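Descriptive analysis of the structure
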Amino acid sequence: MAKRDYYEVLGVDKNATEDQIKKAYRTIAIKYHPDRNPGNKEAEEKFKEAAEAYDVLHDPQKRQQYDQFGFNGPQGGGFGGFNASSMNMDDIFSMFGDIFGGRAGFGGFGGSASRGPQQHRGSDLRLKVRLTLEEIATGVTKKFKVRKDVPCSHCHGTGAEDGSGTETCPTCHGNGVITHTTQSIFGMMQTQGTCPTCGGSGHVIKNKCRHCGGTGVEKGEEVVEIKIPAGVAEGMIVNVPGKGNAGHNKGVNGDIQVFVEEIEDERFVRDDSDLIYNLLLDFPTAALGGDVEIPTIQGTKLRVKMEPGTQPGKTLRLRGKGLPAVQGYGRGNGDLVVNISVYVPKTLSREEKEAIEKFKHSDNFQGDAATKRSIFQRFKNYFN
């Protein structure tokens, strides 16, 4: 399949800033992340394609070369990175994990396997948290009772019975890896892999703990406090290092990834860091003007003066009264956008009807010529 233009992949123009490129990549990566699309090969390819585009466009030198020479680089040698068809998921997370925050982006994947003896890292846990807009506006700390692997209470996480300790692995001799030599048409080839006897740790237990079978872990519970930063959005994942499952034999703990869901708000509609509020204005205030109260997500109310003759469809923008930008992805607060509608009662009393009838034929209630032309033009454009 032919490569798509990198700017097209990320949905940005050629004059996009570094922040715009970063934001676009993050949005696409969240949408097509493997954890949200398990087993979906098409989503995985789109995820890889976005990573390849970001690899080039976020690097000023690579971007300049791409703009000038296209996909092949200045001498036809590419950009020294990777291509979407051959990328490894672990490599993507190790390269771009900082985009999402945390060790492994937000998917729980680690970096490439290291050489030599390795600790048994505990697996990651995944939790889901539902947040109100008020909580998102200020940030919040949530408590979770988590059932997970904890260090064995009998052997204190060592996996050894009665402090018998460990000895050097007889298979890999403490290296944690074993080397395989095979004959190929190109000659003798050597490959390395994790030692199957010790699992890469370089040592084995002399006398395994009867309680945990030598793993050094058992099932337990822990109450975990997780701080959710202000400004997070639906689909984001907050990574909490070291609070996942305990690693076997005193290995490194895994992480917790907290998936964010937003609870729909009855008053505001979210648009990135802006909030939209629909104000239903009564007709007398729209016609005569007056003060109205606008609620904010911060819990206060703002008094806003409506000018006489305020028209339905008018928009007010209250600067800085929206949501804060999530840390590392912008500055300050968004705006509160107020869309004004005018309420027209469905039923009227006899006195109300008589009062309105008096003004029915008044020029002020007919609308001036400019207003009529504007309405006609909007109507015409709608059908064109």
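Before reading on, note that the structure itself is shown above.
Since the structure is predicted, the reported quantities are computational estimates derived from the model, not experimental observations.

Strand order across the open sheet formed by 4 strands is S10-S11-S15-S14, with mixed pairing between neighbours. Edge positions in the sheet fall to strand S10 (268–271) and strand S14 (315–318), since each has one partner strand and no second. The sheet shows a mean angle of 30° between the axes of neighbouring strands, direction not considered. Judged from the 4 bridges that link them, S10 and strand S11 (residues 274–282) form a sheet pairing that is antiparallel. Along S11, the bridge assignment pairs Val 269 with Ile 276.

A separate point is the nonpolar core. The nonpolar side chains of soluble globular proteins are, as a tendency, buried together. By size, the foremost hydrophobic cluster in this structure holds 41 residues, and its most contacted members are Ile 226, Ile 228, Val 232, Leu 279, Ile 294 and Val 338. For Val 232, the contacting residues outside a window of four places in its chain are Leu 131, Ile 136, Val 238, Val 260, Glu 262, Arg 270 and Val 326. Counting residues in hydrophobic clusters, the runner-up holds 19 residues, among them Tyr 25, Ala 50, Ala 53 and Leu 57.

Applying the stated criterion across every chain, the model contains 0 disulfides. There is no disulfide at Cys 195, and the cysteine sulfur nearest it, in Cys 198, is 3.7 Å away. A relative accessible area of 1% means that Cys 195 is categorised as buried. With no disulfide of its own, Cys 209 lies closest to Cys 212 among cysteine sulfurs, the gap being 3.7 Å.

Cut-offs and rules
- Residues numbered from 1 in each chain as written.
- Predicted model: local features only at pLDDT ≥ 70, side-chain atom pairs only at ≥ 80, totals over all residues.
- Heavy atoms only, no water.
- Pairing = 2+ DSSP bridges.
- Helix = DSSP H or I, 4+ residues; strand = E, 2+ residues; numbered from the N terminus.
- Axes fitted to C-alpha atoms, helices over the stretch in contact; angles between N-to-C directions.
- Core = buried A, V, L, I, M, F, W, Y, C linked by side-chain atoms within 4.5 Å.
- Buried < 20%, exposed > 50% of the residue type's maximum accessible area, 1.4 Å probe, protein only.
- Contact = heavy atoms within 4.5 Å.
- Disulfide = S-S within 2.5 Å.

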